[in-house]
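So you can see what is in the structure, the chains are spelled out below.
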Amino acid sequence: FMGSGLPDFEYGLTFNANYKNLDFSLFLQGSQGNQIYNGTKVLLYRRQGDVKNFSTDLLNAWTPSNTGSSIPRVTSQDPNRNIRPSSYFLDDGSYLRIKNIQLGYSLNDIGHGISNARIYVSAENLATFTDYSGYDPGVSNFSTFGRGVDRGLYPLSRSVLLGLQLGF
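I will try to describe carefully the structure that is included in this document. Just so you know, these numbers come straight off a predicted model, no measurement behind them.

Quick notes on the rules
- Residues numbered from 1 in each chain as written.
- Predicted model: local features only at pLDDT ≥ 70, side-chain atom pairs only at ≥ 80, totals over all residues.
- Heavy atoms only, no water.
- Pairing = 2+ DSSP bridges.
- Helix = DSSP H or I, 4+ residues; strand = E, 2+ residues; numbered from the N terminus.
- Axes fitted to C-alpha atoms, helices over the stretch in contact; angles between N-to-C directions.
- Salt bridge = Lys/Arg side-chain N within 4 Å of Asp/Glu carboxyl O.
- Buried < 20%, exposed > 50% of the residue type's maximum accessible area, 1.4 Å probe, protein only.

## Some thoughts on the sheet that holds strand E1 (residues 9-19)
Consideration 1: Read from one edge of the open sheet, five strands run E1-E2-E5-E6-E8, paired in antiparallel fashion. The strands lining the two open edges of the sheet, one partner per strand, are E1 and strand E8 (159-167). Each strand of the sheet is rotated relative to its neighbour by a mean of 15°, with strand direction disregarded.
Consideration 2: When strand E6 (residues 114-130) meets E8, the two strands line up antiparallel, connected through nine bridges. Pairing of Ala 117 across the sheet is with Leu 166, part of E8.

Structure (C-alpha cells):
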C-alpha cells in the first residue's frame, strides 16, 4: 500500500464583501491527503516503442558522470525496469485552487429606462498551489477505481471575463 487516490478531505471556502458600490467575492477549493499516480510522467520517461516526445527532465537523468540524479538512466532496453509502476511516479495530490474571484462596481438610478448597472471582472481557475508535478492535481477520471491516476487529461482552463449587468 503506497497511498490512496481518495483524499482525506476536500474543502471549499467562500468569502463575500461589499463596500458602498463595490463588491468582491472569492471562492477557494482544494483537496488534502491523496496520492496521484502520474501516468503522464511515465509516458514521457519511457524510451520504448515509437515514443517520440520525452520530458526535458531526462536531460538530468542518471549517467556514470551524473550519479546524484534521482531520474532513472535513459535506455531503450530498461533492464532494471525503471519505468515499471512504482512509488517513483506517485505524487502528493494536495492542492488549493483559486476557483473564482470577482470584483464589481454597481450604479443605481441611471435613467433612460435602466434602473441599475453593474460592471465586473471575474477570473476562474486563476491559480493552483500544489507540489504535484503533473498538469492538474484535480484530475478527473472516468471511474471510481481510476481516481488518483493522471492519464494526461487537459487541465482546467483559466478564464478572465469582463461583464456588464443591466436592470430595467
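## Considerations on the pattern of salt bridges
Consideration 1: What the rule picks out here adds up to two salt bridges.
Consideration 2: Here Asp 23 makes a salt bridge to Arg 118, at a shortest N to O gap of 2.6 Å. Here the residue Asp 23 occupies a position in strand E2 (residues 22-32), and Arg 118 occupies one in strand E6, the gap between them amounting to 95 residues. Each of the two residues, Asp 23 as well as Arg 118, counts as buried.
Consideration 3: Between Asp 136 and Arg 97 there is a salt bridge, with the nearest N and O atoms lying 2.5 Å from each other. One end of the pair, Asp 136, is in the loop between E6 and strand E7 (149-150); the other, Arg 97, is in strand E5 (residues 95-111), with 39 residues separating them in the sequence.

## Structural notes on the sheet that holds strand E4 (residues 90-92)
Consideration 1: Taking strand neighbours across the sheet as the criterion, the three strands line up as E4-E3-E7 in an open arrangement whose pairing is mixed. Whereas interior strands pair on both sides, the edge strands pair on one side only; in this sheet they are E4 and E7.

So yeah, pure geometry; function would need other evidence.
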